[in-house]
Amino acid sequence: MDLKQFFNKAIRILLPLTLGCLLLWYLYKDQDWSEMTAIVKKGVRFEIILLSLIFGPAANAVRGFRWGMLIDALGVRVKRKNTILSVYGNYAINMVLPRVGEFWRCGVIAKYEKISFSKLLGTMLVDRVMDTLVVAALTVSLFVFNISFFKKYFSKNPDVLGGFYAMFTSVWMYIGLAAVGVVIWLVFTKWEHVAVVQRGRNIVLNVWEGIKSLWKMEHKFYFFIQTLLIWGGYFCYFYITFFAFDFTHDLGVRIGLLAFTMSSLGVAVPVQGGIGVWHFMVISTLICFGVADTDAATFAFVVYAVQTIWIVIVGLVSIVALPIINKEPKFPKKAE
């Protein structure tokens, strides 16, 4: 690895991590750590938090099954143990390099199942688009039925609304989109004879083939049910932790769903594990419902720390297990 590659990789890891840690520092710099420590020692039922840990890997196991259904639609039956373990490893890698885990899991399945990486990339995009649609549906429905909450939320956090306004009113965003459109038009109309462009088009076509797997897939109803199970599992993973704290166990499912949706929006930001952003979304949501600032900060700190450590452990074990369970025998069976 030359110096340029080293710096590129270092920036990809350190820049988002630094931004997330700075936000985390800003959120906790004025907190009373002695009070937070007292809450952790006396006011947290860790057995309930440990119970919640069942639901994260369970939801991701269903995600592995669902992804396997998409890959099967390409005409190749894949081992579900590989898709499940690769999904687990995906989340551990994302804790170091945001969004790189998705490409890693496609590479792992391409290696062990002998399938085109670009086609797998298409199926992974379908997997992620479904997540986006679910979070969008949750956000819109909760916004419609909880307008008073969002009014209160944005009045307490005007910078968030200002950021959205600045993004969508910026002329540079629209110039950038127009430039991308022009480049795509040139690539597919004027430069199609160039060898690099032809290779790129082939990759795009393979990705599109993977995306079409959703339409080719049998048992689409099961795909829908599995999507509900995945997000139901994620919700339980988050909401059960409410019962581990005196100040959140009476808030109810509606507030739990609101906090869960806001936390999901935080995880969507390309920062390792949504660090800092996840905390901000959860803390600010709980404060809107009357939870004290220190209590909300303690909840976010404890839940995130325990669940993130768990995700990393499960992911690392899966990464180690993949080459072991796919190891080819030294002495293949002779044909009779």
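About the cut-offs
Residues numbered from 1 in each chain as written. Predicted model: local features only at pLDDT ≥ 70, side-chain atom pairs only at ≥ 80, totals over all residues. Heavy atoms only, no water. Salt bridge = Lys/Arg side-chain N within 4 Å of Asp/Glu carboxyl O. Helix = DSSP H or I, 4+ residues; strand = E, 2+ residues; numbered from the N terminus. Buried < 20%, exposed > 50% of the residue type's maximum accessible area, 1.4 Å probe, protein only. Axes fitted to C-alpha atoms, helices over the stretch in contact; angles between N-to-C directions. Parallel < 35°, antiparallel > 145°, perpendicular 65-115°, else oblique. Left-handed = near helix turned anticlockwise from the far one by under 90°. Contact = heavy atoms within 4.5 Å. Nonpolar A, V, L, I, M, F, W, Y, C, P; charged D, E, K, R; others polar. Polar contact = N/O pair within 3.5 Å; in protein donor to acceptor, adjacent residues only side chain to side chain.

## Side note on the pattern of salt bridges
Part 1 of the reasoning: Scanning the model with the defined rule gives nine salt bridges in all.
Part 2 of the reasoning: Taking the shortest distance from any N to any O, the salt bridge between Arg77 and Asp72 comes out at 3.0 Å.
Part 3 of the reasoning: In this structure, Arg105 and Asp127 form a salt bridge, with 2.9 Å as the shortest nitrogen-oxygen distance. Remark: Asp127 occurs in helix α7 (residues 117–145) and Arg105 occurs in helix α6 (residues 100–113); sequence separation between them is 22 residues. There is no split in this pair, since Arg105 and Asp127 are both buried.

## Looking at the packing of helix α14 (residues 252–267) against helix α15 (residues 277–288)
Part 1 of the reasoning: Closest axis-to-axis distance for the α14/α15 pair is 8 Å, and the angle between their directions is 160°. Classified by the interaxial angle, the pair formed by α14 and α15 is roughly antiparallel. Between α14 and α15 lies a crossing of right-handed hand. In contact with Leu258, Ala259, Met262, Ser263, Leu265, Gly266 and Val267 of α14, α15 contributes Val277, Trp278, Met281, Val282 and Thr285.
Part 2 of the reasoning: Each residue belonging to the contact of α14 with α15 can be placed in one class, and the counts come to nine nonpolar, three polar and no charged.

## Some thoughts on the environment of Arg63
Part 1 of the reasoning: Structurally, the position occupied by Arg63 is in helix α4 (residues 55–72).
Part 2 of the reasoning: Assessed through its relative accessible area of 1%, Arg63 is described here as buried.
Part 3 of the reasoning: Residues Arg63 and Leu229, spaced 166 residues apart in sequence, show a C-alpha to C-alpha distance of 8.9 Å.
Part 4 of the reasoning: Excluding anything up to four places from it in sequence, Arg63 contacts Val87, Tyr91, Asp127, Arg128, Asp131, Ile230 and Tyr234.
Part 5 of the reasoning: Reaching out from Arg63, the side chain makes a polar contact with the side chain of Asp131 at a distance of 3.0 Å.

The quantities given are spatial measurements derived from coordinates; they are silent on function.
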